[in-house]
Amino acid sequence: MASEKILNAKKQMVVDLTDKIKAAPAGVIVNYSGITVADDTALRAALRKAGVSYSVYKNSITGRACEEAGYGDLKKVLEGMTAIAVAGEDPIAPAKILKEYADKIESFELKGGFVEGNVLDVKGVEELAAIPPKPMLVGKMLGSLQKSLYGLAYVLQAKIDKDGGAEAPTEA
């Protein structure tokens, strides 16, 4: 029967999306209405380059998948034309890219998301998008470590210069 075949296909979509959501460090749900084909193509290319999976599903399928993945609270944002972007390795990438488009296109809006087991509202997604990229955070951390090491080296050099380079007396 055709209806049984369709039902099984939908069940498989839910299973596939659930697995994708469970494996992802983060994801964002958006209302994509009003986006032009050119903007949508550019958006999808930017997301793909960042390793983000971006798909449009029926809200009922997305809702079931979110519920089965432990993000049932996201079902309340599934109204209208929604799409879901699921992060690959970088949990910040979907929020950052989608927020950029939401700022440019008035009708394109962030609706919610998830990160590391927590459901985010629009404000949470925007805060996630505001986090600097990982290489920048690593650079800042290394810079602060380097600054501390330089400080220690200057103090040690000042002590050596004050003592005239003489070695500390040894006990006999």
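Here the structure is shown first, and the text comes after it.
Numbering of residues starts from 1 in every chain and runs along the sequence as written. Under the rules for a predicted model, residues below a pLDDT of 70 receive no local features and side-chain atom pairs below 80 are neither given nor counted, while totals for whole chains, interfaces and linings still include all residues. Where side-chain values are given, they derive from all heavy atoms of the structure, hydrogens and water being excluded.

Participant: For the layout of surface pockets, give the residues involved together with the corresponding values.
Facilitator: In this structure, the largest pocket encloses a volume near 210 Å³. What lines the largest pocket is E89, D90, P91, I92, A93, K96, I97, P133, K134 and P135. Every element with two or more residues in the lining of the largest pocket is listed here: α4 (93-104) and α6 (134-162). The helix and strand labels rest on DSSP assignments: H or I over at least four residues marks a helix, E over at least two residues marks a strand, and numbering proceeds from the N terminus. When residues in the lining of the largest pocket are grouped by element, the largest group, three residues, is from α4. Polarity classes work like this: nonpolar for Ala, Val, Leu, Ile, Met, Phe, Trp, Tyr, Cys and Pro, charged for Asp, Glu, Lys and Arg, and polar for all others, with Gly in that last group. Of the residues belonging to the lining of the largest pocket, the class tally is six nonpolar, no polar and four charged. Of the two site types, the cavity is a set of points on a 1 Å grid over the protein atoms alone where a 1.4 Å probe fits but cannot get out, and the pocket is an open set with protein on both sides within 12 Å along at least five of seven lines, each lined by residues with an atom within 4 Å of a point. Grid points are joined across faces, edges and corners, and a volume is the space filled by probe spheres set on the points.

Participant: So, the pattern of salt bridges: which residues are in play, and what are the values?
Facilitator: We count a salt bridge whenever a side-chain nitrogen from Lys or Arg sits within 4 Å of a carboxyl oxygen from Asp or Glu. If you walk through the whole model with that rule in mind, you get three salt bridges. As a salt-bridge pair, R44 and D40 come within 3.0 Å of each other at their nearest N and O atoms. Here D40 and R44 lie together in helix α2 (residues 37-49), a separation of four residues that amounts to about one turn. Buried residues are those whose accessible area, probed at 1.4 Å on protein chains only, stays under 20% of the maximum for their type, while exposed residues exceed 50% and partly exposed ones sit between those limits. Using a relative accessible area of 28% as the deciding quantity, one classes R44 as partly exposed. The exposure class assigned to D40 is buried, which follows from its relative accessible area of 18%. In this structure, the salt-bridge partner of E67 is K75, at a minimum N-O distance of 2.9 Å. For K75, a relative accessible area of 39% gives the class partly exposed.

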